[in-house]
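A look at the structure
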Amino acid sequence: MKRKCIYCGIEKPISDFSLEHIFPASLGGALCDMRFKTDYVCQRCNSICGIWVDAPVIRNWFSQNYDFDSAREFVDLKNGSTLPLMYMGIFEELSCEDKVCELWLGPCGDTIYHFRNKADERYDSIVGGDFIDIKKNPGIAYLFITTDNMDWAKTVLFSFKEQFKYSKRIACNLSVNGDLSDSDFFDSPSEDENRMIEKLKLYRGQQHKTQFSTQIGFEQRFLCKVALGVGYNLFGDDYIQSNYALELRKGLWEKDVDKRSQLKIRGTSFNYEENDLTKLICYKSAHLISLLSVGKFLSLGLCLNGKIFSQIAISDDNQFWKNNNEFSDGIVYLVFPQIKEFIGPIDMPSYLAHKTENDFKIKEIEIIENKRVPFDKLPPFRSKNYNKK
């Protein structure tokens, strides 16, 4: 048996297909319902989209650091949380022709230097470079921890290990005690690596000049992919052959940003500035997906980490949803990947009432709110006796 891939439009054997997370798994897509997943995408398209469409959105400088902010809202110091790290960029002073030194910050402002192979320039805007090659050539990560609070130290170590799971991990100023062991997190340094530790110590307390790259219009192909996949799940084969869906497919595969701008696709680029609309729609520390009928268009709204907002039309033919009333008022989905929670669909009037009215609350969202930890209620990173080493 054969079927057509909704992304490339080519008919292929069913064995060539795999589960595609229309909303990426690393953003919490695995938590979402089947409206945001499909097995009508071939393995080739799945792989290509993962590298060149999803990764520029998931692994860019802004997203990485907003992930850090969002996850810290739900930190669990008692059990030790794993938090994303903050990416500062390439530290040119310690980089060379074939090696780069990335500068990262841990949950307590800990300093991390990661040395890896220089990737193909196509990966310049992707945090961490070639994330496929990094599994084979993971490099070396050096950690200077900046907390003497054991609970915070757990979170730092768990986070460091998760980010650099494939790398050789070196402790520069730490000997773990309590219920943790050095061998759980670190490798023994070689003589060369001990010399590098001494060199890195010279940068302690010094300003680090870093740089990062970003790709113009990187979100456009991603938005086309999400709109196309959700549109197919909603409306089926007739939709995927519609003129507007064919434009979305062109937008998904067109690499030239100027040519993409000529396509007849309705939508907005990522907006990083807070305004009245984002204040009303976006939800703090969550990814939000909304579906709303506006005239002849079905609009998909996307807000990442409660900060980055965009919209794209799924279709310009309201005949596809004329008998579906849920889109007239709109529906909302919330994804909290840091605590593995997914809520939705919520009708938009109820969602907006929850945000704006004190006497109306949605129980599922209230439960999430009770899991937040105000930062001023957490213990300090450092005691009065902290000795920076």
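Described in the following lines is the structure provided in the data block. Just so it is clear, the structure is predicted and the values come from calculations on it, not from any experiment. (Residues numbered from 1 in each chain as written. Predicted model: local features only at pLDDT ≥ 70, side-chain atom pairs only at ≥ 80, totals over all residues. Heavy atoms only, no water.)

Digging into the environment of aspartate 124
Quick note on the threshold: To qualify as a helix, a DSSP run of H or I must reach at least 4 residues; to qualify as a strand, a run of E must reach at least 2; elements of each kind are numbered from the N terminus. Burial classification: accessible surface area is computed with a 1.4 Å probe over protein chains only, and a residue below 20% of its type maximum counts as buried, one above 50% as exposed, and the rest as partly exposed.
Here aspartate 124 lies in the loop between strand 7 (111-117) and helix 3 (133-136). Relative accessible area serves as the criterion here: at 44%, aspartate 124 is assigned to the partly exposed category. Sequence spacing of aspartate 124 and proline 56 is 68 residues, and the spatial spacing of their C-alpha atoms is 9.8 Å.

Comments concerning the pairing of strand 7
For a regular strand, side chains alternate in direction, first toward one face of the sheet and then toward the other. Test applied: Strand pairing requires that DSSP identify at least two bridges connecting the strands.
Buried residues dominate strand 7, accounting for 6 of its 7 residues. Sheet analysis places strand 6 (residues 99-105) next to strand 7, joined by 7 bridges and oriented antiparallel. Opposite tryptophan 104, over in strand 7, you have isoleucine 112 as the bridge partner. Alignment of strand 7 against strand 8 (residues 140-144), held across 5 bridges, turns out to be antiparallel. In the sheet register, phenylalanine 115 faces strand 8, and the bridge partner there is isoleucine 140.

Here we look at the state of the cysteines
Short version of the rule: The definition used for a disulfide is geometric: two cysteine sulfur atoms within 2.5 Å.
In this structure the tally under the stated criterion is 1 disulfide. In this model cysteine 282 forms its disulfide with cysteine 303; the gap between the sulfur atoms is 2.3 Å. Classification of the bridge connecting cysteine 282 and cysteine 303 rests on its S-S torsion, roughly 115°, and on that basis the disulfide is right-handed. Of this pair, cysteine 282 sits in the loop between helix 11 (276-281) and strand 11 (287-294) while cysteine 303 sits in strand 12 (residues 297-304), and the two are 21 residues apart along the sequence. Under the relative-accessibility criterion, cysteine 282 is labelled buried at 4%. Distance from the sulfur of cysteine 96, which forms no disulfide, to the nearest cysteine sulfur (cysteine 101) is 10.0 Å.

Overview of the sheet that holds strand 5 (residues 86-91)
One open sheet holds the 6 strands; their spatial order is 9-8-7-6-5-10, and the pairing between them is mixed. Looking at strand neighbours, the two that pair on one side only are strand 9 (168-171) and strand 10 (210-211), the edges of this open sheet. Pairing analysis gives 2 bridges linking strand 5 to strand 10, with the strands arranged antiparallel. Within strand 10, the residue paired with phenylalanine 91 across the bridge is threonine 210.

Brief notes about the environment of glycine 109
Here glycine 109 lies in the loop between strand 6 and strand 7. Among the residues examined, glycine 109 registers a relative accessible area of 37% and is labelled partly exposed. Through-space distance from the C-alpha of glycine 109 to that of glutamate 191 is 27 Å; in sequence the pair is 82 residues apart.

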